[in-house]
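# An overview of the molecular structure
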Amino acid sequence: MKDFFLNEKPVMALVTIRKHRDDVYGSLISQKIDTTYAHTVKILSRMEDHDLIETEKKGRKKILTLTDKGEEYADHFIELINCFEDNQIEKQSP
């Protein structure tokens, strides 16, 4: 699983689901992380296999929600991303 989450797209997909307030669909994730829908489906499938997300069918689409484990991972990634961004800002300051 570590190899999977050392890639940008899965991390950003998880973070996007966490930060989004409305219903989240695969097509929305594709747009937000700038990848093909097919690649997004593979990412989401792996996340579901690792019990990070759950899907619920709503019409023709599947709504994505994080499990407790998924929320925990997403929160850690958000914290880590914020640390990187804060560190980048500090390096740019005179």
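Heads up: the structure comes first, above all this text.
The structure reproduced in this document is the subject of the present report. Just so you know, these numbers come straight off a predicted model, no measurement behind them.

What counts, and where the lines are drawn
- Residues numbered from 1 in each chain as written.
- Predicted model: local features only at pLDDT ≥ 70, side-chain atom pairs only at ≥ 80, totals over all residues.
- Heavy atoms only, no water.
- Helix = DSSP H or I, 4+ residues; strand = E, 2+ residues; numbered from the N terminus.
- Buried < 20%, exposed > 50% of the residue type's maximum accessible area, 1.4 Å probe, protein only.
- Contact = heavy atoms within 4.5 Å.
- Areas by Shrake-Rupley, 256 points an atom, 1.4 Å probe, with all protein chains shown as cover.
- Pairing = 2+ DSSP bridges.

A tally of helices and strands in the protein chain yields 5 helices and 2 strands. Going from the N terminus to the C terminus, the protein chain shows its helices and strands as α-α-α-α-β-β-α. Here the protein chain holds 94 residues, and 33% of them are scored as buried. Within the protein chain, contacts between residues at least 6 apart in sequence are counted, and of these 52% link residues at least 24 apart. On the protein chain, roughly 6,700 Å² of surface is accessible, and the fraction owed to carbon and sulfur atoms is 48%.

Where strand S1 (residues 53-58) and strand S2 (residues 61-66) come together, 6 bridges link them in antiparallel fashion. Along S2, the bridge assignment pairs Lys58 with Lys61. Two successive antiparallel strands, S1 and S2, enclose a turn made up of 2 residues, where Gly59 displays a positive phi of approximately 70°.

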